[in-house]
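A structural walkthrough
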Amino acid sequence: MSIMTDLKSDVLMDSDPAHIKKDTALSHGNSDDVESSHVVYSDETTAGVIDRAAEKALCRKFDLRLLPVLAIMYLFNALDKGNLGNAQTAGLSKDLHFKDGQYNQIVGIFFVPYVVFAPPIAMLGKKFNPARVLPILMFCFGSFTLLNAATTNYGGIFALRWFLGMAEAAFFPLVIYYQTTFYRRGELARRLAIFYAASNIANAFSGLLAFGVFQIKSHLVDHPWRWLFIVEGAVTVCFSIFAFFYLPRSAAEARFLNEEEKALAYRRIQVDSSSVVNEKFSLKESLKIFKRPTTYCFLIIEICLGVPLQAVSLFLPQIVQRLVSNTVTINLYTVAPNVTGAVMLLILAFASDGLRIRFPFVCLGFAFTFIGFIIYAAIQDVHAQVRVAYFATFMMCWGTSAPSVLLSTWYNNNIAHEGERLTLTSVGVPLANLMGLVASYAFQEKDAPKYAPALIATACFGATGCLVAGSLGLFMVWDNKRRNRRQGVNLGAKDVPTLQLRDGPRVDEFRWFL
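Residues numbered from 1 in each chain as written. Predicted model: local features only at pLDDT ≥ 70, side-chain atom pairs only at ≥ 80, totals over all residues. Heavy atoms only, no water.

1. So, the environment of C363
If you trace the backbone, C363 turns up in helix α18 (residues 359-378). A C-alpha to C-alpha distance of 9.9 Å links C363 and S471, two positions 108 residues apart in sequence. Those residues in contact with C363 that lie beyond four places of it in its chain are C466, A469 and G470. (Helix = DSSP H or I, 4+ residues; strand = E, 2+ residues; numbered from the N terminus. Contact = heavy atoms within 4.5 Å.)

2. Here we look at the nonpolar core
Counting residues in hydrophobic clusters, the biggest one holds 145 residues, and the most contacted among them are F62, M73, F171 and W410. Ranked by residue count, the leading element in this core is helix α19 (residues 386-413), at 14 residues. Not counting the four nearest positions on each side in its chain, W410 is found in contact with F298, I301, R358, F359, V362, A469, L472, G473, M476, F513 and L514. (Core = buried A, V, L, I, M, F, W, Y, C linked by side-chain atoms within 4.5 Å. Buried < 20%, exposed > 50% of the residue type's maximum accessible area, 1.4 Å probe, protein only.)

3. Remarks on the pattern of salt bridges
Where charged atoms of side chains with opposite charge meet at close range, the side chains can pair. For the structure on display, the rule yields 18 salt bridges. Taking the shortest distance from any N to any O, the salt bridge between E418 and K126 comes out at 2.9 Å. Note that E418 is positioned in helix α20 (residues 418-434) and K126 in helix α8 (residues 118-128), a separation of 292 residues in sequence. Here the two residues E418 and K126 agree in accessibility, since each one is buried. Between D479 and R483 there is a salt bridge; the shortest N-O distance is 2.9 Å. You can see D479 and its partner R483 sitting in helix α22 (residues 452-487), four residues apart, about one turn around the helix. Grouping residues by exposure puts D479 and R483 together as buried. Among the charged side chains, a network of salt bridges with common partners joins E55, R184, E187 and R268. (Salt bridge = Lys/Arg side-chain N within 4 Å of Asp/Glu carboxyl O.)

4. Overview of a nonpolar patch on the surface
Together, I201, F205, L208, V339, V343 and I347 make up an exposed nonpolar region whose accessible area comes to about 490 Å². Locating I347 in the fold gives a position in helix α17 (residues 335-355). (Patch = residues over 30% accessible without salt bridge, like charges linked within 9 Å, V, L, I, M, F, W, Y side chains within 5 Å. Areas by Shrake-Rupley, 256 points an atom, 1.4 Å probe, with all protein chains shown as cover.)

5. Looking at unusual backbone geometry
The phi angle at R356 is positive, at roughly 55°, despite the residue not being glycine. One can find R356 in the loop between α17 and α18.

All quantities given are derived from atomic positions and should not be read as evidence of function.
Okay, here's the thing in structure tokens:
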């Protein structure tokens, strides 16, 4: 299929779909030749590159103007969610006189509102625009983090964790949706990876920050972990105010684009992301996503991802504690695994975008998870095999980082309807985070320091995720081939423009983005 290299401005804003037609001049040739019976799209419906140089320049502007701000916002999101583990290493439970099991309860309660409120808040975000709702959510979770510094008992911190879960519930789904309105499907994984790498950096930075903050000797607070909440919460609130006035509502309203660039940005999303750009949200239409069988496969994979993801996010300091005799340096030992997790995420995401395929890299991430947790659980004497044990923690971080981004990208790539896309993301991402309940109750203090039952259970979720993701990917390969045989063509997802795919797999021309 030829790639359109030029596009006039009158075509850029034309959203009327052109017809798919058989090349009858060639169809009289050998029927075994793929090229003898292929589909030809008019320029209005090609999903190919419109103007390579112009698109690169446009993406560069988005990368420089949007990604750094979104990455910093998510960094603070991850810091405010995960700082409880750092505070625990400084004696949070002891200082607030927690009873047995109460620390696990304040870890777990976060995920209840996180799941319950994600879909409605995400839908409100679609209605009122993510560029405005995301900074408001950031202001809220920063404020609740700041208030954690004033808690004096179990009840106070329990209530704040509930409200923190509400504020953070729709943040990640809205960021994913927001980026799909600026980038093509084949450009999305690496951008989300750069954005999500902020989470790994946050986990690494939180260890460094906690180590530094806990050295503060001051009469202003009674316990050093209070400084951690004060510093992280205050900076989060300040940055949210800047983001509210900075983020553009859409490419059409971006002050840093000229009129030609705005038209090009609109057209790119029309042919390679959304069926209708900036479509008005309809709950009835959006809920149709749950009529697709593949939706439930994606949700099962999210569940399998969630347990190891939350285990690493919430309990890596406790896992590493088994290796370290000096408790002051525990948080420092979490830095390197999280940093290499971010690097592995970027490597796999760039490779996935370059090859325009998702599921093998999702499976690879789950394989890392399974191997890392199994190795760590199998070691009896970690001090005799400290290098192997520490390397296993690296594999844990590799395995939980990559699938989280690539899985979200995978199902977003296969949904052209903006409302359905947001709805699945707002259910799938919180569902993965809900598995933090499983992780928080699996890692029991009575099993410390080895946590063997929790490690084995987490490894099993990794193995199941690999199996389900691989099976779903192979089904998509088979279904694409079946559709090609039935139509007598040889098409992939990149050959079919998304403006024709509003109804998903029910459309004959639909091809799975693998």
